[in-house]
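Now for the letters of each chain:
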Amino acid sequence: SQQGEEDPQALSIQEGENATMNCSYKTSINNLQWYRQNSGRGLVHLILIRSNEREKHSGRLRVTLDTSKKSSSLLITASRAADTASYFCATVPRGSSNTGKLIFGQGTTLQVKP
Amino acid sequence: DAGVIQSPRHEVTEMGQEVTLRCKPISGHNSLFWYRQTMMRGLELLIYFNNNVPIDDSGMPEDRFSAKMPNASFSTLKIQPSEPRDSAVYFCASSRTRDRNSYNEQFFGPGTRLTVL
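Reading guide: rules and limits
- Residues numbered from 1 in each chain as written.
- Chains lettered and ligands numbered in written order.
- Predicted model: local features only at pLDDT ≥ 70, side-chain atom pairs only at ≥ 80, totals over all residues.
- Heavy atoms only, no water.
- Helix = DSSP H or I, 4+ residues; strand = E, 2+ residues; numbered from the N terminus.
- Rg over C-alpha atoms; globule rule 2.2 N^0.38 Å.
- Buried < 20%, exposed > 50% of the residue type's maximum accessible area, 1.4 Å probe, protein only.
- Contact = heavy atoms within 4.5 Å.
- Buried area = accessible area lost by both parts, 1.4 Å probe.
- Salt bridge = Lys/Arg side-chain N within 4 Å of Asp/Glu carboxyl O.
- Polar contact = N/O pair within 3.5 Å; in protein donor to acceptor, adjacent residues only side chain to side chain.
- Disulfide = S-S within 2.5 Å.

A. How the structure looks around the overall build of chain A. Per the secondary structure count, chain A includes 0 helices and 11 strands. Taken against the 2.2 N^0.38 rule, which gives 13 Å for 114 residues, the C-alpha radius of gyration of chain A at 14 Å falls within 12% of a compact globule. Taken along its principal axes, the extent of the C-alpha atoms in chain A is 45 × 30 × 20 Å. Burial status across chain A gives 47% buried among its 114 residues. For chain A, contacts bridging at least 24 residues in sequence account for 57% of all contacts bridging at least 6.

B. Fine view of the interface of chain B and chain A. Listed as interface residues are 26 residues of chain B and, on the opposing side, 24 residues of chain A. Together chain B and chain A conceal approximately 1,900 Å² of surface at their shared face, both sides included; 49% is due to carbon and sulfur atoms. At the junction of chain B and chain A, the tally comes to 1 salt bridge. Residue Asp-56 of chain B pairs with Lys-101 of chain A through a salt bridge whose shortest N-O separation is 3.5 Å. On the surface where chain B and chain A come into contact, there are 3 residue pairs in polar contact (both at pLDDT 80 or more). Residue assignment for the side of chain B that touches chain A shows that the elements contributing at least two residues are β4 (31–38), β5 (42–50), β6 (53–56) and β9 (88–95) of chain B.

C. Layout of the state of the cysteines. Per the counting criterion, the structure on display carries 2 disulfides over all chains. Each disulfide pairs two cysteine sulfurs, and for Cys-23 of chain A the partner residue is Cys-89 of chain A, the sulfurs being separated by 2.0 Å. Taking the sign of the torsion about the S-S bond as the criterion, the disulfide between Cys-23 of chain A and Cys-89 of chain A, at about 65°, is right-handed. Taken together, the residues span a long stretch of sequence, with Cys-23 of chain A in strand β3 (residues 19–24) and Cys-89 of chain A in strand β9 (residues 85–93) at a distance of 66 residues. You can call Cys-23 of chain A buried: its relative accessible area is 2%. Given a relative accessible area of 0%, Cys-89 of chain A falls into the buried group. Covalently, Cys-23 of chain B is tied to Cys-92 of chain B through a disulfide, its sulfur atoms 1.9 Å apart. In this structure, the disulfide formed by Cys-23 of chain B and Cys-92 of chain B twists by about -70° around the S-S bond and is classed as left-handed. Taken together, the positions of Cys-23 of chain B in strand β3 (residues 19–24) and Cys-92 of chain B in strand β9 put the pair 69 residues apart, joining distant regions of the chain. Owing to a relative accessible area of 0%, Cys-92 of chain B belongs among the buried residues under this scheme.

Here it is, written out as structure tokens:
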């Protein structure tokens, strides 16, 4: 089963507003990643945050990680119509072996209205 | 780099036919993943390989599905016989996994949109 649970499932905002998506997970992790999927396309990696980090920025993206609550949030500031997409969180479970597997959440569908 | 290459991009077939989906991972990547995505079930991991060896195929729906990775640069996902409920977008992804501290960033192909009539 998917480890990540994302909230909300769908979000609709006006251009220029900020969008916040949340992700919760169940087991200890090595790192957490966010991906974006435009309609009909493959997922694209956006940003990664390691388990010993609490916040990370990349352009208009801000990711936070709270390992005590097993949760992460993705903030997109000053949203644009081109940000319309589905956003997925994915975790790398902490363990003795690493074969590359990611555990994906169900995704949040973001619509940014012009 | 060309990225992950999948073929065909679209496949329309009739129920009962054999379908073969192909994937070429990014050169140097040693993990390869097959996913299926539908509106109803979302993104599902079907099977993945590490260093050409199948690690976990628990996501494969049933015996009609099989996957192979004969070498580091090629993998196939086969459905035989196909059924209408197999209609979905199938994604291949690859990553470079070296040790327990690898970041495991995955690179996705464009997907194969399969329609089984």
